[in-house]
Structures are given as structure tokens and as C-alpha cells.
Amino acid sequence: MDHPLVLGIETSCDDTACAVVDGAGRVLSSVVSSQLAAHRPYGGVVPEIASREHLSNWPAVSREALERAGVGLREVEVVAATRGPGLVGALLVGLSLGKAIAFAEGRPFHAVHHLEGHLFSPFLRAPGDPAAPEPPPARFVGLVVSGGHTSLFAVEDGAVSTLGETRDDAMGEVFDKVGKRLGLPYPQGPRVDELAELGTPGARPLPVSRFGRFSDGLDFSYSGLKSQTLLEIERLERTLGAIDLGDGSKPPQPVLDLLAGFRAAAVGQVLDRLDRLQQRQPIGTLAVSGGVAANRLLRRELPAWAERNGVDLRLVPLVYSGDNAAMIAHAALLRHRRGVVDDLFAAEAESRIPI
Ligand code: KG4
Ligand code: ZN
């Protein structure tokens, strides 16, 4: 175990997470308590419920994280919590807990940007991998695909600048909305992905949004694909009758084919923007993270794309693709190494903040 030991806290949305990362960036423990059951009856995350659930989950989650890591709170040397973006009431719970622990134990505190957590998460090692994590390279391109973001970043010596982002919906959001329309329970993204595996993408193809077809722009747009997919569902319902997959029944083949076509167009857009960026300047290292980095098609297509283009691809380990606190502790460790510390009393929770 290397020093400093970092305690990470993440409560930006509906997962209560706590983790311990050591000074080499090894994840000693990462506990994520899902609130899915509490939000499911409402078909999405209810902010007020999320805050209350964080408060009630915290004692068990933090105890488990420390126990699994085999350390006491006294041994923690750096404390970190997510400051945003996210649901303010939910963020406030974790941020206040982190501040209180740092204050009580007299430890330095880091208020971490949620995206910074995702951005560096591809450099975490998967559980069971005995090798110490490599420090991220000084320069790399980060692609974050989640329920709230679809963004390309250039990272240079810890400084992050945005290369491109979605102009409307985020990629994960659109997977969720398409799934919701079909009656699937929240979060619909993983289930839409599973169903798309059973379809033939070429049977009902949807176009890849080029968004500035003749430009080399790096922004994304997913609302057009969403509308087209919803329209196609409506069209299918005219012949098949109302589609409701909420009861777990096997969907008709045309629906599976449509989902496969939808997923192929969604992933195709990512590859299109990467092509554009690669044409501008060779990417070098590409680090891909966020909840949608769990997508099966994306995880197949990206290595093939990277191989064709001679790009060094770092795909986030599956366990750290969704929201977790290990990525927050890890980002804090990198900040700590660069000599950054946050003022315990000035750090505030914010719903929208630039990276
Ligand atoms: O990073 P994350 O856990 O939370 C945010 O910061 O948004 O990402 C969650 C998003 C949700 O929209 C979820 O449906 C989507 O990631 N997601 C997927 C898959 N797994 C999770 N979308 C497509 N395919 C998947 N396999
Ligand atoms: Zn996230």
C-alpha cells in the first residue's frame, strides 16, 4: 500500500459511492450502493429521494469501503468528494460529509469535478489486476460518454480543454429515452444495448448524424437520432400494435432490428468524430470513459478503430464505467500530486460547472 491513502465520495446522482485508493492509484475498495429500487416506481431519478437515500446509505457504504480496504478513518490522508455537476441536493450530502471528515481529521480536501473523475478513470486497473496503475500520460484525448455528457477533451499536464460536445441530448440519455418509450424500466441504456445484440443493424438502418457534414466539427448531436427512432417505433406500432417491453417479454424481431440500427448509428457518430479528430491531428492516446463506455458495440468497435488508426486506446474497466467513488479518489490523487489543494470552506456544490 502506497501513500497517501485517499478516501473518495461520490453522490452526484442516484448512486451512493465511497472508495479508498492508495498513493499508487490502486483501488483498495470501491463500494457503490444503487438507489434503483427507490426511483424505479417513478421511471427516473427523483432528486429529493436521491438526497435522502444518500444520507441513509452513507453509514453502511463508508463502513464497508474502509473495512474492505482494511484501513481506519484515521489512516486516510486525503479526502475527496464530487462537487458537481449533478443534483445539488445529492451533491451536498457527499460534499458536506467529505468536508466534515477532512475537518475533523485535519486532512487536505479535494472538491472534484465529476467529469475529471470519469476522464482519468481509464487509467485505473481492473480489480484483480496486480499491476500498479500507470500514471496518465502528459497528453491524451478523453472521450466521456454518459447520461449527462458526450464530450471530447484534450488533456495536457492536467489542464483540460473541450474539443467537442453534444449540442443537445447526451448519448446515454437517448438510450434511456428510447428504452423508456418501449416501456423498459430505468436505467434503460444497458437493456437497450442487450436487446440490440439480438437485432440485425442493417435491417432497419438509421443515418449517422454528421452535424456539419462538410466541416471537420467535433460536436455531437443525438436529438435527431432520438426523434427518428421514436418515429420508427410509432410506425412499427401501426402494424404490430402497442409495444410494451416492461413485462420482460421477448420483443418482436423488427423492434430488435430497429434497436440494433439505432445503436449502430449512435456508435457510428462517435467513430465519425474520432475520424475527424484523427484527420486534424494524430490522437496518440485515447481514454474512453463514462456509463456508456459499457456499451457492447462501442467496446467492440473502439479497439478495431484504434488498431486501424494506430491509436493507443485506454477503455475504462467495466466496473469503473458507471458512477463510482474510486474515480473521484483517483482524480484527487492526481491533483494532490500536482500540488493542488482546495479550500475546505470555499468548496461548494454546483449543478452545472465547466470543467
Ligand atoms: O456515467 P454514468 O453512470 O452517469 C452519468 O454521469 O450520467 O452513465 C449512466 C448512463 C445512463 O444513461 C445509462 O443508460 C448509460 O450510461 N448506459 C448505457 C449502457 N450502460 C449504461 N448506455 C448504452 N449501453 C450500455 N451498455
Ligand atoms: Zn457520471
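Residues numbered from 1 in each chain as written. Chains lettered and ligands numbered in written order. Predicted model: local features only at pLDDT ≥ 70, side-chain atom pairs only at ≥ 80, totals over all residues. Heavy atoms only, no water.

1. Here we look at the overall build of the chain
So, point 1. Per the secondary structure count, the chain includes 10 helices and 10 strands.
So, point 2. A globule of 355 residues ought to have a C-alpha radius of gyration of about 20 Å, and the chain, at 21 Å, matches this closely.
So, point 3. Its C-alpha atoms put the chain at 65 × 45 × 35 Å along the principal axes.
So, point 4. A total of 355 residues make up the chain; the buried ones form 52% of that total.
So, point 5. Counting contacts in the chain only where the partners sit at least 6 residues apart, residues at least 24 apart contribute 74% of the total.
So, point 6. Looking at the chain as shown, the accessible area adds up to about 15,000 Å², and 52% of this sits on carbon and sulfur atoms. (Helix = DSSP H or I, 4+ residues; strand = E, 2+ residues; numbered from the N terminus. Rg over C-alpha atoms; globule rule 2.2 N^0.38 Å. Buried < 20%, exposed > 50% of the residue type's maximum accessible area, 1.4 Å probe, protein only. Contact = heavy atoms within 4.5 Å. Areas by Shrake-Rupley, 256 points an atom, 1.4 Å probe, with all protein chains shown as cover.)

2. What about the domain arrangement of the chain?
Size of an interface, as often reported, equals the accessible area lost when the parts are brought together.
So, point 1. Domain annotation of the chain identifies domain 1 (6–127 + 320–337) and domain 2 (139–316).
So, point 2. The C-alpha centroid of domain 2 is placed 27 Å from the C-alpha centroid of domain 1.
So, point 3. Counting residues at the interface gives 17 residues for domain 1, matched by 23 residues for domain 2.
So, point 4. Around 1,600 Å² of area is buried between domain 1 and domain 2 when both sides are counted, 76% of it from carbon and sulfur atoms.
So, point 5. Our enumeration of links across domain 1 and domain 2 arrives at zero salt bridges.
So, point 6. If you look at where domain 1 meets domain 2, you find four residue pairs in polar contact (both at pLDDT 80 or more).
So, point 7. A per-element tally of the side of domain 1 that touches domain 2 places helix H4 (residues 114–120) first, with four residues.
So, point 8. Partitioning the side of domain 1 that touches domain 2 into residue classes produces nine nonpolar, six polar and two charged. (Domains from an automatic or database assignment. Buried area = accessible area lost by both parts, 1.4 Å probe. Salt bridge = Lys/Arg side-chain N within 4 Å of Asp/Glu carboxyl O. Polar contact = N/O pair within 3.5 Å; in protein donor to acceptor, adjacent residues only side chain to side chain. Nonpolar A, V, L, I, M, F, W, Y, C, P; charged D, E, K, R; others polar.)

3. Concerning the coordination of the zinc ion (ligand 2)
So, point 1. Surrounding the zinc ion (ligand 2) are the protein donor atoms His-114 (NE2), His-118 (NE2) and Asp-323 (OD), which sit 2.1 Å from the metal.
So, point 2. Angles of 93 to 144° at the metal separate the four donor atoms of the zinc ion (ligand 2), which places the site in the irregular class.
So, point 3. Positions of the donor residues of the zinc ion (ligand 2), expressed as sequence spacing, correspond to H-x3-H-x204-D. Of this pair, His-114 and His-118 both sit in helix H4, four residues apart, roughly one helical turn. Comparing His-114 with His-118, the two get one shared label, buried. (Donors = N, O, S within 2.8 Å, 3.2 Å for Na, K, Ca; no water. Tetrahedral: all angles 85-135°; square planar, octahedral: opposite > 155°, others 65-115°.)

4. Here's the deal with the sheet that holds strand E1 (residues 6–10)
So, point 1. In spatial order, the strands read E3-E2-E1-E4-E5; together these five strands make up an open sheet with mixed pairing. Among the strands making up the open sheet, the edge pair consists of strand E3 (27–34) and strand E5 (109–113). Each strand of the sheet is rotated relative to its neighbour by a mean of 20°, with strand direction disregarded.
So, point 2. Taken together, the four bridges between E1 and strand E4 (residues 78–84) define a ladder with parallel strand orientation. Within the sheet, the bridge partner assigned to Leu-7 lies in E4 and is Val-79.
So, point 3. The sheet strands contacting helix H2 (residues 47–69) are E1, strand E2 (15–21) and E3, and the helix crosses E2 at an angle near 25°. (Pairing = 2+ DSSP bridges. Axes fitted to C-alpha atoms, helices over the stretch in contact; angles between N-to-C directions.)

5. Let's talk about the pairing of E4
So, point 1. Across the seven residues of E4, six count as buried, placing the element largely inside the fold.
So, point 2. Judged from the five bridges that link them, E4 and E5 form a sheet pairing that is parallel. Bridge assignment links Thr-82 to a residue of E5, and that residue is Val-112.
So, point 3. For the handedness criterion, the β-α-β arrangement of E4, helix H3 (residues 88–105) and E5 is classed as right-handed. (Right-handed = clockwise from strand over helix to strand, strands pointing away.)

6. Focus: the site of ligand 1
So, point 1. Near ligand 1 you find 19 residues, and of these Gly-147, Asp-176, Asp-193, Gly-291 and Asn-295 are the closest.
So, point 2. Contact between ligand 1 and Asp-176: an oxygen atom at 2.6 Å from a side-chain N or O atom of the residue.
So, point 3. Elements represented by at least two residues in the shell around ligand 1 include exactly H4, helix H5 (171–181) and helix H6 (189–196).
So, point 4. No other element matches H5, which puts four residues into the shell around ligand 1.
So, point 5. The residue makeup of the shell around ligand 1 includes at least three contributed by each of domain 1 (6–127 + 320–337) and domain 2 (139–316). (Near = heavy atom within 4 Å.)

7. Considering the pattern of salt bridges
So, point 1. Within this structure, the stated rule accounts for 26 salt bridges.
So, point 2. The partner of Arg-139 in a salt bridge is Glu-156, and the shortest N-O contact between them spans 3.2 Å. One end of the pair, Arg-139, is in strand E6 (residues 139–145); the other, Glu-156, is in strand E7 (residues 150–156), with 17 residues separating them in the sequence.
So, point 3. Residue classification places Glu-156 among the partly exposed residues on the basis of a relative accessible area of 42%.
So, point 4. Linking Arg-314 and Asp-312 is a salt bridge whose minimum nitrogen-to-oxygen distance equals 3.1 Å.
So, point 5. Exposure remark for Arg-314: the relative accessible area of 21% places this residue in the partly exposed category.
So, point 6. Within this structure, Asp-193, Glu-197, Arg-263, Arg-296 and Arg-300 form a network of salt bridges that share partners.

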